[in-house]
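# Geometric and topological summary
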Amino acid sequence: MAAWTAHDIPDQSGRTAVVTGANSGIGYVTARELARRGARVVLACRSEERGGAAVGRLLSEVPGAHAEFRALDLGDLASVRGFAEAYDSARLDLLVNNAGVMALPYRRTADGFETQFGVNHLGHYALTGLLLPRLMETPGARVVTVSSGLHALANIDIGDLNSERTYRRWVAYGRSKTANLLFTHELARRLAATGADTVAAAAHPGYASTNLQSAGPKMEGRRSAERFAALANRLVAQPATAGALPTLYAATAPGVRPDAFIGPGPLGWRGSPTRSWRATWTRNDVAGERLWAASEGLTGVRYEGLKST
């Protein structure tokens, strides 16, 4: 993996990719670089205005690219179902579960879930399940879910997934990112049990400069925290172009193994893509099964055609 860059992305001609949260930051860079290598890319975003603007920007940066916007609100299961039902491509080679929120004040999604758990995990769990038949019908397809090194802040609490007893924004964020890794682990196990060649992997960007860090303070009007986040982004973070590389590696590099976790190295916050450290609880089979069952019950989405472990 030494010094792997976007120039190493294999030719993606004839392939179709869906990237959630692709209107800015790491998601936008991921969509743009896949399109640059020839993929048809669907930018799945909540805001039509921002998503449409992102497509326009992408087409100006990569003339002749195949890119389109489609509406997707991961905080609303009706929107997730609508997106999946409207997906009309004959194939789906790559699903990048990138969209996310971080350290927000306590909020609930349209379906009543705590927002960080609902958007970061449940929305992507439902989307992946609804699109899984297309993925499994496409040889060599991959599902890449973007987690975070901050998953180490907390394991999931299976008895309080929606943080109804207590809510601490950073703990809730860590739990949602642990859920991303447990989901990847369990999905990889179930795909293997079914004999499918679809690869489920995960990635994280390290500390990358995006608008994710300032969203929570901005929602609450905490100007000093918002200014601090902006300063840290300028002084410490790597740019989004570098932060997207682990995702792009997991999505396109040959030989990526099921349940791989790719991040920047060697320290995990910046650098070239490499295999990343992960907490032992993110490979716990029992926890993965319990989270899967809970997610199925909360969303009503069953993974048809996939054997349980």
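Residues numbered from 1 in each chain as written. Predicted model: local features only at pLDDT ≥ 70, side-chain atom pairs only at ≥ 80, totals over all residues. Heavy atoms only, no water.

## A short note on the overall build of the protein
The cut-off we apply is this: Numbering of helices and strands runs from the N terminus; a helix is a DSSP stretch of H or I covering at least four residues, while a strand is a stretch of E covering at least two. Exposed residues in this analysis have more than 50% of their type's maximum accessible area, buried residues have under 20%, and partly exposed residues fall in between, with area computed by a 1.4 Å probe over protein chains only. Here, two residues are considered to be in contact whenever any of their heavy atoms come within 4.5 Å of each other. Accessibility throughout is a Shrake-Rupley quantity obtained with a 1.4 Å probe, and a residue counts as covered only by protein chains that appear here.
Per the secondary structure count, the protein includes ten helices and eight strands. The buried share among the 309 residues of the protein stands at 55%. Across the protein, every contact between residues at least 6 apart in sequence was considered, and the portion connecting residues at least 24 apart equals 77%. Surface accessibility of the protein: about 12,900 Å² in total, with carbon and sulfur atoms responsible for 52%.

## Topic: the side chain of T282
The condition that has to hold: Polar contacts here mean pairs of N or O atoms no more than 3.5 Å apart (in protein, one a potential hydrogen donor and the other a potential acceptor; neighbouring residues in sequence count only if both atoms are side-chain atoms).
Assignment of secondary structure puts T282 in the loop between β8 (273-275) and α10 (285-299). With relative accessibility at 0%, the residue T282 sits in the buried group. A polar atom in the side chain of T282 sits 2.7 Å from the backbone oxygen of A279.

## Things to note about the packing of helix α4 (residues 115-137) against α10
Operational definition: In this description, a line fitted to the C-alpha atoms serves as the axis of each element, helices being fitted only across the stretch in contact, and the angle between N-to-C directions of two axes falls anywhere from 0 to 180 degrees. Oblique is the label for every angle not falling under 35 degrees (roughly parallel), over 145 degrees (roughly antiparallel), or within 65 to 115 degrees (roughly perpendicular). Throughout, the ten residues Ala, Val, Leu, Ile, Met, Phe, Trp, Tyr, Cys and Pro are labelled nonpolar, Asp, Glu, Lys and Arg are labelled charged, and all others, Gly among them, are labelled polar.
Contact geometry for α4 and α10: axes closest at 10 Å, N-to-C directions at 85°. Considering their axes alone, α4 and α10 lie roughly perpendicular with respect to each other. Residue-level inspection shows F117, H121, L122, Y125 and A126 of α4 in contact with α10, the latter providing L291, W292, S295, E296, L298 and T299. Here the contact of α4 with α10 is composed, by residue class, of seven nonpolar, three polar and one charged.

## Section: the sheet that holds strand β6 (residues 199-203)
Note the threshold: If DSSP finds at least two bridges between two strands, the strands pair.
The mixed open sheet is built from eight strands, whose spatial order is β3-β2-β1-β4-β5-β6-β7-β8. Two strands bound the open sheet, and with one partner strand each, they are β3 (66-71) and β8. Each strand axis lies, on average, 25° off the axis of its neighbour in the sheet, ignoring direction. Across four bridges, strand β4 (residues 94-97) lies against strand β5 (residues 142-146) in parallel orientation. Bridge pairing links L95 to V143 in β5. Against the sheet, helix α1 (residues 25-36) contacts β1 (16-20), β2 (40-45) and β4, and its axis sits at roughly 170° relative to β1. Contacts from helix α5 (residues 169-194) reach β4, β5, β6 and β7 (261-264), with the element oriented near 160° to β6.

## Topic: the side chain of R32
Note that R32 resides in helix α1. Excluding its chain neighbours within four sequence positions, the residues that come into contact with R32 are L58, E61, V62 and T241.

## Some words on the pattern of salt bridges
Note the cut-off: Salt bridges are identified by distance alone: a Lys or Arg side-chain nitrogen within 4 Å of an Asp or Glu carboxyl oxygen.
All told, the structure shown has 18 salt bridges when counted by the stated rule. The residue R70 makes a salt bridge to D88 at a minimum N-O spacing of 2.9 Å. Remark: D88 occurs in the loop between α3 (77-86) and β4 and R70 occurs in strand β3; sequence separation between them is 18 residues. The partner of R108 in a salt bridge is E164, and the shortest N-O contact between them spans 3.5 Å. Separated by 56 residues along the polypeptide, R108 in the loop between β4 and α4 and E164 in the loop between β5 and α5 bring together distant segments of the chain. With relative accessibility at 44%, the residue R108 sits in the partly exposed group.

## A few points about the pairing of β1
On any regular strand, side chains alternate: one points to one face of the sheet, the next to the other face. Rules: Orient the strands so they point away from the viewer, and a crossover whose first-strand-to-second-strand path over the helix runs clockwise is right-handed.
For β1, a buried count of five out of five residues is recorded, marking the element as mostly surrounded by other parts of the structure. Across the two faces of β1 the burial is the same, with T16, V18 and T20 and A17 and V19 all buried. As paired strands, β1 and β2 are joined by five bridges and run parallel to one another. Looking across to β2, one finds that A17 is bridged to V41. Taking the sense of rotation as the criterion, the β-α-β connection linking β1, α1 and β2 turns out right-handed.

## Focus: unusual backbone geometry
Of note in this structure, A103 is not a glycine but carries a positive phi near 55°. Along the chain, A103 turns up in the loop between β4 and α4. One non-glycine residue, D259, lies in the positive phi region at around 70°. Positionally, D259 belongs in the loop between α9 (245-252) and β7.

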